[in-house]
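# Close look at the chain arrangement
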Amino acid sequence: MVRFSLAIVAAVIAPVVSSVQITVKSSGGNATTRHQYGFLHEDISNSGDGGLYAELIRNRAFQSSERFPANLSGWTPVNGAALSLKTLDKPLSRALKTSMNVAVGSSKGQVGFSNDGYWGMDVKKKKTYTGSFWVKGDYKGTFTASLRSNLTGEVFGSTELRSKARAAEWTEHSFKLVPTKSAPNSNNTFTLTFDAAGVKGGSLDFNLISLFPPTYKGRKNGLRIDLAEAIEGFHPTLLRIPGGNMLEGYTNKTWWDWKETIGPLEDRPGYPNVWGYQQTNGLGLMEYLELAEDMNLEIVLAVYAGLSLNGDITPQDQLQPFIDDALDQIEFVSGAPTTKWGSVRAKLGHPAPFKLRYVEVGNEDWLAGGAAGWESYKAYRFPMFLKAINARYSDIQVISSGSVFDGYDIPAPGNGDYHIYGTPDAMVDQFDLFDQTPVTHIIGEAAAVHPNGGSGWDGGLMEYPFWIGTVGEAISLLGYERNTDRIIGAAYAPIIRSLDRWQWAVTMIQFAADPALTTKSASWYVWELFADHLMTHTLPVASESSAFNPLYYVTGKNEDKGSYIFKGAVYNSTDGADVPVSLAFEGVKPGTKAELTVLTGPADPYGYNDPFTGVNVVKTTREKITAGKGGRFEFSMPNLSVAVLETVPSKHPKRKTMRNGFRG
């Protein structure tokens, strides 16, 4: 839904820029949810496998589906070994039926295979890499696991482990590998070799070959540290899982089945990702929940609603199994350890229930299936889920996958989900969108992705988040925060993408195998600034000298810190002039200190943070200012700037400064 009323005013009736006089009342605002800023994650653009999920081995278990047959992508023989895929009478598991056979043939000495990872592997000395593999076959001797250059063959680290292999059964081998030298680049491979002379029967079968670097919070089967820390660094408070189209799947037989994403890796069959590749589901529901716990994030749990991307619509008389599955999923997340699915979670190492207040039914049901899909959602699918969930969990807020702006009179007590991928002007137009909306919403997906004057998905996406777009995003966020009594929170989407393989360009964070390319976009800086200054209450303005435009803002307070807050952005001021601001909070006396943070961008409003040059187009300026006569703070904001002013109480907590090695 795109609206342009404010954008037209900005373009046609640009006011003369003069000092904006703002006086903020000390009471009368809305209490906020305190969960205003978050993100959506789905495995798009290899943001999960090969990205946030720290596994280094690509195609580790030869998983397949009707859409993506098993293959040997990523694997290369060493010293004349012959690699082939086999479906054995005794597979590793019911989930992982295909394995890799390594035949020694006439080779002598060390034979085996290597894997080039997700477009390379980062190798650092003295860091512990944790690996494992399963093998079936008769072999006496040792295995050698190593990390080496794909260009020169230089070995950076290796380890040997004694074989436990047996001819009639699968055995797991685990190891730790600590490189003695850092690789000069990420063009590296993992190699596993063994002595051909020790193999009886001519070959060995391998499956679930895994290698992890150190992970975020030290979690087993965990997350890549630099990406997790870059996400954590913008202070999110909300996580919508599982993300977007990934939930729906291609068909109503290949949707994201949460039950196949939990438990031991050998019991996870994988999933035909809707973005063009087979997904491992190593990053499953439990890993998402642990991510939320580690970052103290509020969870918005999505449940499958009986509609898939190919238009499969589940008839009303066949919907109940999906409702039952959703109730199981909620119980797994939040049920006591004595419940059926809560006990499963407990056995996986988390007896305590996760906090769960929000459940979303489906994803963009107004899109997949066309008019018929949307009508079925409004007629029976959402009402049936809403009734069933609220009957068992009266404390959970159930969210529709559409909004009132999608033409849905959402039944009480349901909430809405609004998505916006727009131009900078369209993002500005979000500022007043929810001023009169009676239904509570989450902004489940939001980002500026098109240039002004552009639209569409075929060639219409920008290459990276761009400055004028991020200023537009800031204004949309100001509008959402003004209406926090009706807005649960806003989630940036998508959150990260691989620079090597991607389907969606504009994401908050970009990455590659080499952590030096991990880049925080211009959007990251805007969302970080606002999320770092949360309000507990908004505050109304007692008087102002002009209407919003070109300055848009929200005012409030943080009762936990005893501070007053102003957040603002200037968009298309007259002739690009600075906008003077005179700001006063009722009860704030002359001499009160405040910290003013201003973000400005490049001369080219479409400039962006480039991962390959390391150029950061966002300039951050922080200064202490003092309230003068009448308790007023006087400052100016440049055109296309974003700012936060927060007063400093007499016992203000010491500011925490993020320090990291990320570009941007």
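Being a predicted model, the structure only gives us computed values, none of them experimental.

Parameters and conventions
Residues numbered from 1 in each chain as written. Predicted model: local features only at pLDDT ≥ 70, side-chain atom pairs only at ≥ 80, totals over all residues. Heavy atoms only, no water. Helix = DSSP H or I, 4+ residues; strand = E, 2+ residues; numbered from the N terminus. Rg over C-alpha atoms; globule rule 2.2 N^0.38 Å. Buried < 20%, exposed > 50% of the residue type's maximum accessible area, 1.4 Å probe, protein only. Contact = heavy atoms within 4.5 Å. Areas by Shrake-Rupley, 256 points an atom, 1.4 Å probe, with all protein chains shown as cover. Lys, Arg positive; Asp, Glu negative; His and termini not counted. Charge placed at Lys NZ, Arg CZ, Asp CG, Glu CD. Arc of directions from axis to C-beta. Polar contact = N/O pair within 3.5 Å; in protein donor to acceptor, adjacent residues only side chain to side chain. Pairing = 2+ DSSP bridges. Phe/Tyr/Trp six-rings, centres within 6.5 Å; stacked < 30°, edge-to-face > 60°. Lys NZ or Arg CZ within 6 Å of the ring centre and 35° of its normal. Axes fitted to C-alpha atoms, helices over the stretch in contact; angles between N-to-C directions. Left-handed = near helix turned anticlockwise from the far one by under 90°. Nonpolar A, V, L, I, M, F, W, Y, C, P; charged D, E, K, R; others polar. Salt bridge = Lys/Arg side-chain N within 4 Å of Asp/Glu carboxyl O. pLDDT = per-residue confidence, 0-100.

Looking only at helices and strands, the protein chain features 10 helices and 33 strands. What you see for the protein chain is a C-alpha radius of gyration of 27 Å, in line with the 26 Å of a compact globule of 664 residues. Counting over 664 residues, the protein chain shows a buried share of 59%. Contacts in the protein chain between residues far apart in sequence, at least 24 positions, make up 75% of those at least 6 positions apart. Accessible surface computed for the protein chain: about 25,200 Å², of which carbon and sulfur atoms make up 51%. Each charge sign in the protein chain was given a centre, from 62 positive and 68 negative side chains, and these centres are 8 Å apart.

Moving on, we get to helix α6 (residues 340-347). All buried positions along α6 are accounted for by Trp341, Gly342 and Arg345. Take α6 and look down its axis: the buried residues cluster within an arc of 105 degrees, on one side only. Exposed side chains of α6 directed beyond 90 degrees from the buried face belong to Lys340 and Lys347. In the core, the buried residues of α6 are packed alongside α4 (285-295) and α5 (320-334).

The buried fraction of helix α10 (residues 522-531) amounts to 10 of the 10 residues, a majority that puts the element mostly inside the structure. Listed in full, the buried residues belonging to α10 are Ala522, Ser523, Trp524, Tyr525, Val526, Trp527, Glu528, Leu529, Phe530 and Ala531. The N-cap of α10, judged by a side-chain oxygen 3.2 Å from the amide nitrogen of serine 523 a few residues on, is serine 521.

A word on the side chain of asparagine 273. The residue asparagine 273 is located in the loop between β14 (271-272) and β15 (278-279) in this model. According to the relative accessible area criterion, asparagine 273 is buried, its value standing at 0%. A polar contact of 2.6 Å, which involves the side chain of asparagine 273, links it to the backbone nitrogen of tryptophan 275. Apart from the residues within four sequence positions on either side, asparagine 273 is in contact with Asp43, Phe68, Tyr250, Gln278 and Gln279.

Looking now at the environment of alanine 95. Mapping alanine 95 onto the fold places it in the loop between β4 (82-87) and β5 (98-103). Along the backbone, alanine 95 and glycine 270 are 175 residues apart, and their C-alpha atoms lie at a distance of 8.1 Å. Once residues within four sequence positions are removed from consideration, alanine 95 is found in contact with Glu266, Asp267, Arg268 and Pro269.

For the rest of this paragraph, the subject is the sheet that holds strand β23 (residues 509-511). One open sheet holds the 3 strands; their spatial order is β22-β23-β24, and the pairing between them is mixed. One side of each edge strand has no neighbouring strand; the edge strands of this open sheet are β22 (496-498) and β24 (519-520). Sheet analysis places β23 next to β24, joined by 2 bridges and oriented antiparallel. Counted as the bridge partner of isoleucine 509 is lysine 520 from β24.

How two aromatic rings sit relative to each other is set out by the distance from centre to centre and by the angle between their planes. For the structure on display, the rule yields 41 aromatic pairs. Seen in terms of ring centroids, phenylalanine 466 and tyrosine 606 are 5.3 Å apart; in terms of plane orientation they differ by 20 degrees. Their pairing is stacked. Taken together, the residues span a long stretch of sequence, with phenylalanine 466 in the loop between β20 (441-448) and α9 (467-482) and tyrosine 606 in the loop between β30 (593-600) and β31 (619-626) at a distance of 140 residues. We note arginine 67 situated over the ring of tyrosine 250; from NZ or CZ to the ring centre the distance is 3.6 Å. Between lysine 520 and the ring centre of tryptophan 524, over which it is positioned, the NZ or CZ distance is 4.2 Å.

We now examine the side chain of glutamate 55. Considering the arrangement of structural elements, one finds glutamate 55 in the loop between β2 (37-40) and β3 (75-78). At 2.6 Å, the side chain of glutamate 55 forms a polar contact with the side chain of serine 210.

Now for the packing of α5 against helix α7 (residues 370-392). One way to put it is that α5 packs onto α7 with a least axis distance of 10 Å and a crossing angle of 35 degrees. Where α5 crosses over α7, the two elements pack in a sense that is right-handed. Along its contact with α5, which presents Gln320, Phe322, Ile323, Ala326, Leu327 and Ile330, the element α7 presents Met384, Phe385, Ala388, Ile389 and Arg392. Counted by class, the contact of α5 with α7 contains 9 nonpolar, 1 polar and 1 charged residues.

Going through the model one piece at a time under the given rule, you end up with 26 salt bridges. A salt bridge links lysine 181 to glutamate 154; the shortest N-O distance between them is 2.7 Å. On the criterion of sequence distance, the pair formed by lysine 181 in the loop between β10 (170-177) and β11 (188-195) and glutamate 154 in the loop between β8 (142-149) and β9 (155-162) is long-range, its members being 27 residues apart. Judged by its relative accessible area of 32%, glutamate 154 is partly exposed. Note that arginine 268 is salt-bridged to glutamate 287, the shortest N-O span being 3.2 Å. With arginine 268 in the loop between α3 (244-248) and β14 and glutamate 287 in helix α4, the pair connects residues that are 19 residues apart, well separated along the chain. Neither residue differs from the other here; arginine 268 and glutamate 287 are each classed as buried. Put simply, Arg219, Glu290, Glu293 and Asp294 are held in one network by salt bridges that share partners.

A few words now on the confidence of the model for the protein chain. In the predicted model, the protein chain carries a mean pLDDT of 93, and 94% of its residues have values of at least 70. Overall, residues 1-15 carries pLDDT values under 50, and its contacts beyond four positions in sequence, including any with other chains, amount to 26 contacts.

Taking burial as the measure, the 8 residues of strand β27 (residues 551-558) include 8 buried ones, the bulk of the element. The alternating pattern of β27 places Leu551, Tyr553, Thr555 and Lys557 on one face and Tyr552, Val554, Gly556 and Asn558 on the opposite face, and all of these are buried. As paired strands, β27 and strand β28 (residues 563-570) are joined by 8 bridges and run antiparallel to one another. Across the sheet, the residue bridging to threonine 555 is phenylalanine 566, located in β28. Connecting β27 to the next strand, β28, in antiparallel fashion are 4 residues, including glycine 562 with a positive phi near 75 degrees.

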